[in-house]
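# Overview (structure and organization)
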Amino acid sequence: MHYEALLGPEEILSDRPFTNVENTEREVDVMRFMLGEERELARGWADAGVNAPPQVVMREHDKAGRRHLLVVPSTRAMVEASDVTAIGFFGRVREDVDHEILFGLEDELVDRLARYGEAGLLSYYDVELVAPKGAYGNLILFATRDVPEAWYQDEVHRRAVELSPGHYYEVRLHKGTARGPLLGDGQIEVERTKYFDFKEAEVWFGLRRFQG
């Protein structure tokens, strides 16, 4: 991938404000909150031992009416995980587009649970954000140091990438690590953010590194 801009931790691109570092800071806070929610569930599975469900697909709405989807291929793998890789996906959605096809892709993801677990996926968590209306944030946890190649090559993931320009104006993709046991209290530390600007005919790519 060719990046039009390579940014350090504090650099500013005045003509592309969606790359401002405060967006990463705000969204990583959301990722940390989501991780905390998953940790509480995982601690319950650890306490339940052999009575814990082997897999989890949880669809629900919270008290504020926000939609949540959590997919865990293996609760045992979650309980035993350590030094997990965390990927956060946040985009500004196009208001004049029917996004139902994206929810259909999530249904396919649920159907392919076992395959994703074998590739190193620990969990996929999608939550409706407070603002802007209709926006969602994704937190994807992997047991591997890097995102497995099998995830990039998967048909459902590939189709989601292909559809993104028609459903989002911009996307921020964060990568970080939560050190130590997942059941502990290590927080997600962001390593880099990739930027995708779909507003023009040619997609613009940018990268900001926070570490290394």
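So, here is what we can say about the structure in this document. (Residues numbered from 1 in each chain as written. Predicted model: local features only at pLDDT ≥ 70, side-chain atom pairs only at ≥ 80, totals over all residues. Heavy atoms only, no water.)

### Considering the packing of aromatic side chains
Given two aromatic rings, one states the distance between the centres and the angle between the planes to describe the pair. We count it as follows: Only rings of Phe, Tyr and Trp enter the pairing, Trp through its six-membered ring, and a pair is recorded when the two centres are within 6.5 Å. The plane angle decides the type: under 30 degrees is stacked, over 60 is edge-to-face, the rest tilted. Counting from the N terminus, the helices are DSSP H or I runs at least four residues long and the strands are E runs at least two residues long. Whether a residue is buried, partly exposed or exposed follows from its accessible area with a 1.4 Å probe, protein chains only, as a fraction of its type maximum: under 20%, in between, or over 50%, in that order.
What the rule picks out here adds up to seven aromatic pairs. On the numbers, 6.3 Å between centres and 75° between planes, the contact of Phe 18 with Trp 204 is edge-to-face. Here Trp 204 lies in strand S9 (residues 204-209) and Phe 18 lies in the loop between strand S1 (5-7) and helix H1 (21-48), a separation of 186 residues in the sequence. Accessibility assignment for this pair places Phe 18 and Trp 204 in one class, buried. Judged by centre distance (5.5 Å) and plane angle (75°), the rings of Phe 142 and Trp 151 are edge-to-face. Of the two residues, Phe 142 and Trp 151, neither departs from the other in class, the shared state being buried.

### Focus on the nonpolar core
Filter applied, for reference: As used in this record, nonpolar core signifies buried Ala, Val, Leu, Ile, Met, Phe, Trp, Tyr and Cys residues forming a set joined through side-chain atoms within 4.5 Å. For this analysis, residues touch if any pair of their heavy atoms sits within 4.5 Å.
Judged by nonpolar contacts, the single largest core of 26 residues is most densely connected at Met 31, Trp 45, Val 84, Leu 139, Leu 141, Leu 182 and Ile 188. Secondary structure elements with two or more residues in this core: H1, strand S3 (67-72), strand S4 (82-93), strand S5 (121-128), strand S6 (136-142) and strand S8 (188-197). Tallying contributions element by element places H1 first for this core, with six residues. Leave out the neighbours within four places in its chain, and Trp 45 touches Ala 52, Pro 53, Val 56, Val 72, Thr 75, Met 78 and Val 79. Counting residues in hydrophobic clusters, the runner-up holds 22 residues, among them Leu 109, Val 110, Tyr 116 and Val 171.

### Topic: unusual backbone geometry
Despite not being glycine, Asp 83 shows a phi value in the positive range, around 50°. With respect to the secondary-structure elements, Asp 83 resides in strand S4.

### A closer look at helix H3 (residues 100-111)
Condition: By this rule the span expected of a helix is its residue count minus one, scaled by 1.5 Å. Read the arc as the range of directions from the helix axis to the C-beta atoms.
The end-to-end C-alpha distance of H3 is 17 Å, a good match for the 16 Å that twelve residues give at a rise of 1.5 Å each. Of the positions making up H3, those classed as buried are Leu 102, Leu 105, Glu 106, Leu 109 and Val 110. The buried residues of H3 all sit within an arc of 150° when viewed along its axis, so they share a single face. Every exposed residue of H3 that faces more than 90 degrees away from the buried side is listed here: Glu 100 and Asp 111.

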